Amino acid sequence: MSKPLIVFGATSFVGQILCRYLHELNQDGSLNWLMAARSEEKLKKLQQELSGPHQPQYRLADAANETQLKALCEEADVVISTVGPYALYGEPLIKACVESGTDYCDLTGETQWIRRMIERYESQAQESGSRIVHCCGFDSIPSDLGVWYLQQQSQKELDAPCQHVKMRVRKFKGGFSGGTVASMMNVAKEAAADPALRRELQDPYSLCPPDNKPAVRQHKITAARDDDVDSWIAPFVMEGINTRVVHRSNALLGYPWGQDFLYDEAVMTGGDAKGQSRAKRTARGQTLMMLGFALPPLRWLMGRFLPKPGEGPSPEMQRTGFFDLVFVGHTAGGKTIRTFVYGERDPGYGATARMLGQAALCLSRDIDRDKVAGGFWTPASALGNHLIQRLEQHAGMRFSTDPVSAEAPQS
Ligand SMILES: NC(=O)c1ccc[n+]([C@@H]2O[C@H](COP(=O)([O-])OP(=O)(O)OC[C@H]3O[C@@H](n4cnc5c(N)ncnc54)[C@H](OP(=O)(O)O)[C@@H]3O)[C@@H](O)[C@H]2O)c1
């Protein structure tokens with residue numbers, strides 16, 4: 001029997017959704033998987049809920065206990081981690097995976113931590129054969145695979161890659177969990193204390209190899225009109241991670257979209273005057289939120305009203321949430337192409353848990369080591385079309401050249 005997938009952080013808010021999803025997928029017992037976390041009491045409770053003939057087993061492990069992490073890695077085919085903020089708890093597990101040659105997927109969106117892990121462990125991962133794939137949730141699978149899909153369509157229909165791609169959020173319904181809030185607060189806290197990190201967070205190429213030297217400047221999105229989508233637009237809260245991952249994919253794939261490839265993301269707020277004020281409000285709101293996270297008294301105050309670790313969107317919100325994205329690409333020759341990515345369920349939780357589970361299954365079952373060797377990969381560069389196929393078949397997502405809904409966009 002093959003080695004199991006192990007979900008470390010099984011008792012986290014998103015980890016529990018993932019475990020329920022894997023249990024549902026495993027009705028025939030063909031999926032070998034285990035849960036792991038630090039609290040036996042919480043694991044037992046979750047195990048009882050996942051009843052039936054294929055009830056999952058569990059292992060105990062603390063994120064700081066190297067012996068326990070090593071044992072998990074030796075037993076696992078792929079370790080999936082939802083223990084975050086990753087910048088606080090994630091490094092010992094990365095170290096254990098690269099030392100043992102074990103594959104790994106996670107949900108981090110913390111660019112500064114990813115860069116540190118690449119610097120510290122990439123050569124060891126290449127030697128041991130451990131394949132590390134960060135950002136396997138809403139950030140950044142829809143963006144990374146969305147660009148990958150658009151560029152394939154562009155090559156097919158326009159016979160050239162797009163030199164500039166824009167992702168615009170047409171519609172979006174979802175919420176935040178305490179773990180996501182804690183991760184965002186931790187980045188803001190680290191950045192407030194470190195000017196070099198503040199500069200790094202502004203760099204769209206911060207996850208690219210050091211020899212990446214583009215001759216173009218990325219666009220900084222503000223509240224503005226975008227004629228390509230006939231709408232006002234505002235900054236998108238996930239662009240800080242998604243743009244970095246997309247540029248890293250281009251670099252790891254050998255620059256198939258050009259060294260001067262441009263990518264930006266924004267939220268559509270509507271084409272009329274109301275859309276214009278919504279765009280301005282959204283842009284102001286995001287600046288204020290980041291400022292609030294960075295300043296200790298405001299952080300404390302916001303922390304009282306935002307979800308705490310372990311809390312998140314209700315089951316109803318997880319079920320009824322969705323996301324609807326359009327990608328607009330322009331070739332260097334002035335031709336345009338549009339593609340769409342749609343996903344059922346709350347993007348950060350219901351949809352993210354399925355994306356993470358399918359990314360790990362894809363890495364384990366579909367991707368041979370002679371095609372993708374040890375190292376730090378992105379979802380598109382490691383998993384590409386295999387993952388698109390899985391997401392369409394098992395995760396309620398659609399990648400297409402037609403929009404899922406033709407209605408006028410409202411974010
Ligand atoms: N990319 C995306 O789209 C996306 C979406 C959702 C979440 N996320 C990220 O995923 C992570 C989890 O989010 P969440 O809302 O599920 O968080 P959460 O509910 O706060 O869970 C955090 C988990 O970390 C565990 N933990 C903390 N310290 C530990 C230690 N020393 N040893 C072992 N486990 C430890 C906690 O264990 P206990 O259960 O024992 O307390 C808990 O299960 C966050 O970093 C968040 O930013 C990303």
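Note that this is a predicted model, so its numbers are computed, not measured.

Enquirer: Can you walk me through the pairing of strand S2 (residues 33–37) in this structure?
Expert: Strand residues, when the strand is regular, have side chains that alternate between the two faces of the sheet. Counting buried positions along S2 gives five out of five residues, so the element sits mostly inside the fold. Residues of S2 alternate between two faces, with Trp33, Met35 and Ala37 on one and Leu34 and Ala36 on the opposite face, all of them buried. One ladder, built from four bridges, connects strand S1 (residues 5–8) with S2; its direction is parallel. If you follow Ile6 over to S2, its bridge partner there is Leu34. Remark: the S1/helix H1 (residues 13–25)/S2 crossover connection has right-handed handedness. As paired elements, S2 and strand S3 (residues 57–60) share four bridges and run parallel to each other. Note on S3: the bridge partner recorded for Met35 is Tyr58. Crossover connection from S2 via helix H2 (residues 40–49) to parallel S3: handedness right-handed.

Enquirer: Please clarify how the sheet that holds strand S14 (residues 397–400) should be interpreted in this entry.
Expert: Within a sheet, each strand pairs with its neighbour through backbone hydrogen bonds, oriented either parallel or antiparallel. In spatial order, the strands read S8-S9-S10-S7-S11-S12-S14; together these seven strands make up an open sheet with mixed pairing. Unpaired on one side and paired on the other, strand S8 (224–226) and S14 mark the two borders of the sheet. For this sheet, the mean angle separating the axes of adjacent strands, direction not counted, is 30°.

Enquirer: Please clarify how the UniProt feature "domain: Saccharopine dehydrogenase NADP binding" (unreviewed entry) in the protein chain should be interpreted in this entry.
Expert: Here, UniProt's "domain: Saccharopine dehydrogenase NADP binding" (unreviewed entry) annotation points to residues 6–133. The span residues 6–133 shows a helical share of 51% and a strand share of 18%, and its end C-alpha atoms are spaced 15 Å apart.

Enquirer: Before we go on, may I ask you to explain the domain arrangement of the protein chain in this structure?
Expert: Each domain of the protein chain was delimited in the assignment, giving domain 1 (5–138 + 351–392) and domain 2 (141–186 + 193–286 + 307–345). With centres defined by C-alpha atoms, the gap from domain 1 to domain 2 works out at 24 Å. The interface of domain 1 with domain 2 comprises 32 residues on the first partner and 36 residues on the second. Of the roughly 2900 Å² buried at the junction of domain 1 and domain 2 (both faces included), carbon and sulfur atoms supply 68%. The largest per-residue losses of area from domain 1 upon contact with domain 2 belong to Phe13, Thr111 and Phe138, which jointly make up 26% of the total buried on that side. Taken together, domain 1 and domain 2 are joined by three salt bridges. Note that Glu200 is salt-bridged to Arg115, the shortest N-O span being 2.7 Å. Counting every contact that joins domain 1 to domain 2 gives eight residue pairs in polar contact (both at pLDDT 80 or more). Contributions of two or more residues to the side of domain 1 that touches domain 2 are made by H1, helix H4 (86–89), helix H6 (111–128), helix H14 (347–365), strand S13 (375–377) and helix H15 (379–394).

Cut-offs and rules
Residues take numbers from 1 onward in each chain, read along the sequence in its written order. Residues qualify for local features only when their pLDDT is at least 70, as the model is predicted, and side-chain atom pairs are given and counted only at 80 or more; totals for whole chains, interfaces and linings, by contrast, use all residues. The basis for every side-chain value is the complete set of heavy atoms in the structure, and neither hydrogens nor water enter the calculation. With a 1.4 Å probe rolled over the protein chains alone, any residue whose accessible area is under 20% of its type maximum counts as buried; one over 50% counts as exposed, and the rest are partly exposed. Numbering of helices and strands starts at the N terminus; helices are DSSP runs of H or I of at least 4 residues and strands are runs of E of at least 2. For two strands to be treated as a pair, DSSP must find no fewer than two bridges joining them. Here the term right-handed applies to a crossover when the path leading from its first strand over the helix to its second strand runs clockwise, the strands being oriented away from the viewer. Axes here mean lines fitted to C-alpha atoms, for a helix over just the part in contact, with angles spanning 0 to 180 degrees between N-to-C directions. UniProt positions are given in the numbering used here, feature names are shortened, and annotations may be inferred rather than shown by experiment. For the purposes of this description, domain bounds are those given by an automatic or database domain assignment. Should any heavy atoms of two residues lie within 4.5 Å, those residues are counted as being in contact. Note: buried area is the sum, over both parts, of the accessible area (probe 1.4 Å) each one loses when the two are combined. A side-chain nitrogen of Lys or Arg and a carboxyl oxygen of Asp or Glu constitute a salt bridge if their distance falls within 4 Å. Any N or O atom pair separated by 3.5 Å or less is treated as a polar contact, with the protein-specific requirement of one donor-capable and one acceptor-capable atom, and with residues adjacent in sequence counted only for side-chain atom pairs.

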